[in-house]
Amino acid sequence: MSSLPLARPRMPRRRFASMRAIMALILREMSTRYGRSPGGYLWAVLEPVAGIALLTLVFAAAFRSPPLGTNFAVFYATGMVPFLIFTGVQGTVAGALNYSRQLLAYPTVTYLDALLARFALNFMTQLMVAYIVLGGCILIFDTRLTLNLPVIIEAFALTGLLSLGIGTLNCYLFSRSNIFQQVWSILMRPAFIVSGVFFLFEAIPEPYSDYLWFNPLIHVLGLMRRGFYSTYDATYVSVTFVVGVSLTCLALGLLLLWRFHAELLDR
């Protein structure tokens, strides 16, 4: 009696194919976005440095000390860096479908690969820029700060999650209609002012502070400053609120893309 041949375990081909597709998309964007422009990654560092320097010069001339601590550059860096991470990463994630439209015609490349590739590359790039900018401020200036690294890491993680969640939802909305992109652009113009980049949440009187509390960036920036300033409690910060907003937007965006991505690519 002949025995049946043993069945070979099936390799998770889709997982490997997805990883190859993500790496290919990352390498493609690195060459097109940073490899062709003069300066490449240098411009990613110069943007926050120029913004921090401008805010430092303007407010140092008008005030004797920043709202927190003794150094203007560090205070504005702890607000501007996470804000720029959010705007930069969510913007690239939101454009993932349109950016990789031609490659998505291949069956081995999915919309999820495009989202993850753009998020991974741009978030890691922004983390590198944050390390250079914040580390440079600490080395150049006599800040005498006692850093709380777990809190700082938590703030960066929340920034990434919020960027991914809102960027994924915007990926569907922007691909559905240009009107949504224009509306978002209008909403983001005052975001720099109302997100606490150059002021503390506690300085805002009621009832305006009650309205600003629902801006998730207020919580992210407050958490970042709690990590840099040991005397700053930022009791208003709600990690649960930021995670809830991020996961809700992420789940809704993925659901809509799963349902309508084929229709959007045919437009």
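Values in this document were obtained by computation on a predicted structure and should not be read as measured data. (Residues numbered from 1 in each chain as written. Predicted model: local features only at pLDDT ≥ 70, side-chain atom pairs only at ≥ 80, totals over all residues. Heavy atoms only, no water.)

Peer 1: I would appreciate a short explanation of the overall build of the protein in the present structure.
Peer 2: A count of helical and extended segments in the protein gives 11 helices and 0 strands. In sequence order, the protein lays out its α and β elements as α-α-α-α-α-α-α-α-α-α-α. Scored against the burial criterion, the 267 residues of the protein give a buried share of 46%. Partitioning the intrachain contacts of the protein with sequence separation of at least 6 by distance along the chain shows that 76% fall at a separation of at least 24. (Helix = DSSP H or I, 4+ residues; strand = E, 2+ residues; numbered from the N terminus. Buried < 20%, exposed > 50% of the residue type's maximum accessible area, 1.4 Å probe, protein only. Contact = heavy atoms within 4.5 Å.)

Peer 1: Looking at this model, I keep getting lost on the nonpolar core. Mind explaining?
Peer 2: A general trend in soluble globular proteins is that nonpolar side chains are found buried together. Ranked by size, the top nonpolar core spans 77 residues in total, and within it F156 and L257 carry the most contacts. In contact with F156, other than residues within four places in its own chain, are V81, I85, F123, L127, A130, L134 and M224. (Core = buried A, V, L, I, M, F, W, Y, C linked by side-chain atoms within 4.5 Å.)

Peer 1: Even after reading the chapter, I still don't get the side chain of S175, so can you show me in this structure?
Peer 2: Within the fold, S175 resides in helix α6 (residues 149–176). From its side chain, S175 meets the backbone oxygen of C171 in a polar contact 2.7 Å long. (Polar contact = N/O pair within 3.5 Å; in protein donor to acceptor, adjacent residues only side chain to side chain.)

Peer 1: Can you help me understand helix α10 (residues 216–228) in this one?
Peer 2: Along an α-helix, residues three or four apart share an orientation, since each turn contains 3.6 residues. Look at α10: 19 Å from first C-alpha to last across 13 residues, which is about the 18 Å you get at 1.5 Å a residue. The buried count for α10 comes to 12 of 13 residues, which makes it a mostly enclosed element. Of all the residues in α10, the buried ones are P216, L217, I218, H219, V220, L221, G222, L223, M224, R225, G227 and F228. Against the buried residues of α10 lie α3 (72–94), α5 (111–140), α6, α8 (191–194), α9 (208–212) and α11 (239–265). (Expected span 1.5 Å × (residues − 1).)

Peer 1: Can you walk me through the packing of aromatic side chains in this structure?
Peer 2: Here the distance between the centres and the angle between the planes together describe a pair of aromatic rings. For the structure on display, the rule yields 11 aromatic pairs. Seen from their ring centres, Y172 and F260 are 6.0 Å apart, and the 40° between their planes marks the pair as tilted. Taken together, the residues span a long stretch of sequence, with Y172 in helix α6 and F260 in helix α11 at a distance of 88 residues. Take Y172: its relative accessible area is 9%, and that puts it in the buried class. The partly exposed category is assigned to F260, whose relative accessible area is 22%. One aromatic cluster is present, built from ring pairs that chain together F83, F192, F198 and F199. For R118, the ring lying beneath its charged end belongs to Y99, and the centroid distance is 4.1 Å. The residue whose ring lies beneath R225 is F75, and the NZ or CZ to ring-centre distance is 3.9 Å. (Phe/Tyr/Trp six-rings, centres within 6.5 Å; stacked < 30°, edge-to-face > 60°. Lys NZ or Arg CZ within 6 Å of the ring centre and 35° of its normal.)

Peer 1: For this particular structure, what's the right way to read the pattern of salt bridges?
Peer 2: Proximity of charged atoms lets side chains of opposite charge pair with each other. One pass over the full model with this rule turns up 1 salt bridge. Notably, a salt bridge pairs R176 with E263, separated by 3.0 Å at the nearest N-O pair. Residue R176 is located in helix α6, and its partner E263 is located in helix α11; the two are separated by 87 residues in the primary sequence. Assessed through its relative accessible area of 41%, E263 is described here as partly exposed. (Salt bridge = Lys/Arg side-chain N within 4 Å of Asp/Glu carboxyl O.)

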